[in-house]
Amino acid sequence: MIYLQLFLVFFKIGLFSFGGGYAVLALIQKDIIENYQWVSMSEFTELVALSQITPGPISINLATHVGYKVGATLGSTIATIAVIVPSFIIITTIIVFLKKFSDSLIVKRALDALKLAVVGLILGAALSLFVKDNFIDLKSYIILVGVFIAGWFFNLGSMLLIALSGLVGIVLYYFL
């Protein structure tokens, strides 16, 4: 039964995370923390961070990690396959129809609307991670504000921001 649940949950996540896992972090969080209690909020935060440092899309990495925690190797395999299958189905369907209707004004407007919706979902996912458990003390807030300012006003790339926040963290937590 657990394998069927893993498949259905991660199939749904794969179905609704087409185009990016960040857009559905709230959905993933609701299913794996609230509905099934497969992981705690702190474990989820750690899994999101771990998914950032491992190659591949975040939803696939989360499926692999959660699937392994819940159902060992078979659970990991089932969850990973389940999160990938909807993308293959969707992209095949899109290719067939987009070739026929690529010049349509309706299609162009629909794609523009989808871009806005994805931005909103990513913002919602980012806001859902702003919980007290994710911030240890004032120093972690300083790092957050510094990364935001450096990224927004100085247009620094994400890899540089990660490296700089790590260096600032080392200074703040080990030398001050």
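Placed above this text is the structure.
Report follows, based on the coordinates. A quick note: this is a predicted structure, and the numbers were derived from the prediction, not measured. (Residues numbered from 1 in each chain as written. Predicted model: local features only at pLDDT ≥ 70, side-chain atom pairs only at ≥ 80, totals over all residues. Heavy atoms only, no water.)

**What about the overall build of the protein?**
Heads up, the condition is: By definition, any uninterrupted DSSP run of H or I lasting at least four residues is a helix, any uninterrupted run of E lasting at least two residues is a strand, and each is numbered from the N terminus. Burial classes: relative accessible area under 20% of the type maximum marks a residue as buried, over 50% as exposed, and values in between as partly exposed (1.4 Å probe, protein chains only). By the convention used here, residues are in contact when the closest approach between their heavy atoms is within 4.5 Å. With residues, only the protein chains shown are counted as cover, and all accessible areas are computed by Shrake-Rupley using a 1.4 Å probe. Neither His nor the chain ends contribute to the count of charged residues, in which Lys and Arg are positive and Asp and Glu negative. For this purpose, a charge sits on NZ of Lys, CZ of Arg, CG of Asp or CD of Glu.
The secondary structure content of the protein amounts to 7 helices and 0 strands. Beginning at the N terminus, the succession of helices and strands in the protein can be written as α-α-α-α-α-α-α. If you line up the protein on its principal axes, its C-alpha atoms span 60 × 45 × 25 Å. Within the protein, the proportion of its 176 residues that are buried is 26%. By sequence separation, contacts in the protein at least 24 residues apart represent 56% of the contacts at least 6 residues apart. For the protein, the exposed surface amounts to about 11,400 Å²; the carbon and sulfur share of it is 74%. Counting 10 positive and 8 negative side-chain charges, the protein places the averaged centre of each group 10 Å from the other.

**Some words on helix α4 (residues 58-101)**
Counting along an α-helix, one turn takes 3.6 residues, and residues three or four places apart therefore face a common direction. This is how it is decided: For a helix, the expected span equals 1.5 Å multiplied by the residue count minus one. In this analysis the local bend is the angle between axes fitted, respectively, to the seven residues ending at and the seven residues starting at the residue.
If you check α4, its first and last C-alpha atoms are just 31 Å apart, much less than what 44 residues at 1.5 Å a residue would give, namely 64 Å. At Gly71, α4 shows its largest bend, some 145 degrees.

**Overview of the environment of Val39**
Within the element layout of this structure, Val39 appears in the loop between α2 (25-35) and α3 (41-53). Relative accessible area serves as the criterion here: at 5%, Val39 is assigned to the buried category. Measuring from C-alpha to C-alpha, the distance between Val39 and Val70 comes to 8.9 Å, with 31 residues separating the pair along the chain. Discounting residues that sit within four places of it in the chain, Val39 has contacts with Ile32, Ile33, Phe44, Leu47, Val66 and Lys69.

**Digging into unusual backbone geometry**
Positive phi outside glycine occurs at Ala72, with the angle close to 55 degrees. Counting through the fold element by element, Ala72 comes out in helix α4. Positive phi is not limited to glycine here, since Asn155 has a value of about 55 degrees. Note on placement: Asn155 falls in the loop between α6 (138-153) and α7 (158-175). On the basis of relative accessibility, which here comes to 68%, the residue Asn155 falls in the exposed class.

**Digging into the layout of surface pockets**
The condition is simple: In this analysis, the protein atoms alone were mapped onto a 1 Å grid. Cavities are point sets where a 1.4 Å probe fits without being able to get out; pockets are open sets with protein on both sides within 12 Å along at least five of seven lines; lining residues have an atom within 4 Å of a point. Grid points are joined across faces, edges and corners, and a volume is the space filled by probe spheres set on the points.
Considering only enclosed or pocket space, the largest pocket measures out at about 1,900 Å³ in volume. Lining the largest pocket we find 34 residues, and of these Gln52, Leu129, Leu144, Val147 and Ile162 sit closest to its centre. If you list the elements that add at least two residues to the lining of the largest pocket, you get α3, α5 (105-128), α6 and α7.

**Let's talk about the packing of α6 against α7**
Between two packed helices, both the angle of their axes relative to each other and the distance between the axes serve to describe the pair. Threshold: Fitted lines through C-alpha atoms serve as axes, helices being fitted only where they are in contact, and the angles separating the N-to-C directions of these axes extend from 0 to 180 degrees. Roughly parallel means an angle under 35 degrees; roughly antiparallel, over 145; roughly perpendicular, 65 to 115; everything else is oblique. Here a crossing is called left-handed whenever its near helix is offset anticlockwise from the far helix by less than a right angle, and right-handed whenever the offset is clockwise.
Closest axis-to-axis distance for the α6/α7 pair is 10 Å, and the angle between their directions is 150 degrees. Taken together, the axes of α6 and α7 are roughly antiparallel relative to one another. The hand of the α6/α7 crossing is right-handed. Between α6 and α7, the residues in contact are Lys139, Ser140, Ile142, Ile143, Val147, Ala150 and Gly151 and Leu161, Ser165, Val168, Gly169, Leu172 and Tyr173, respectively.

**Comments concerning a nonpolar patch on the surface**
Operational definition: For patch building, the residue pool is restricted to those with more than 30% relative accessible area and no salt bridge; the joining distance is 9 Å between like charges and 5 Å between nonpolar side chains (Val, Leu, Ile, Met, Phe, Trp, Tyr). Between Lys or Arg on one side and Asp or Glu on the other, a salt bridge is scored when a side-chain nitrogen of the former is within 4 Å of a carboxyl oxygen of the latter.
Together, Ile136, Leu160, Leu164, Leu167, Ile170, Val171, Tyr173, Tyr174, Phe175 and Leu176 make up a nonpolar patch on the protein surface, roughly 1,100 Å² of accessible area in all. Among the structural elements, Tyr173 can be located in helix α7.

**Concerning the nonpolar core**
Note the cut-off: The definition of a nonpolar core used throughout is a set of buried Ala, Val, Leu, Ile, Met, Phe, Trp, Tyr and Cys residues joined through side-chain atoms within 4.5 Å.
Counting 23 residues, the largest nonpolar core has Phe10, Leu25, Ile28, Ile32, Phe44 and Leu62 as the members making the most contacts within it. Every element with two or more residues in this core is listed here: α1 (2-16), α2, α3 and α4. Looking at this core, the element that brings in the most residues is α4, giving 7 residues. Apart from residues lying up to four places away in sequence, Phe10 is in contact with Ile32, Trp38, Leu62, Ala63, Val66, Ala79, Ala82 and Val83.

By themselves, these observations are geometric and do not establish any function.
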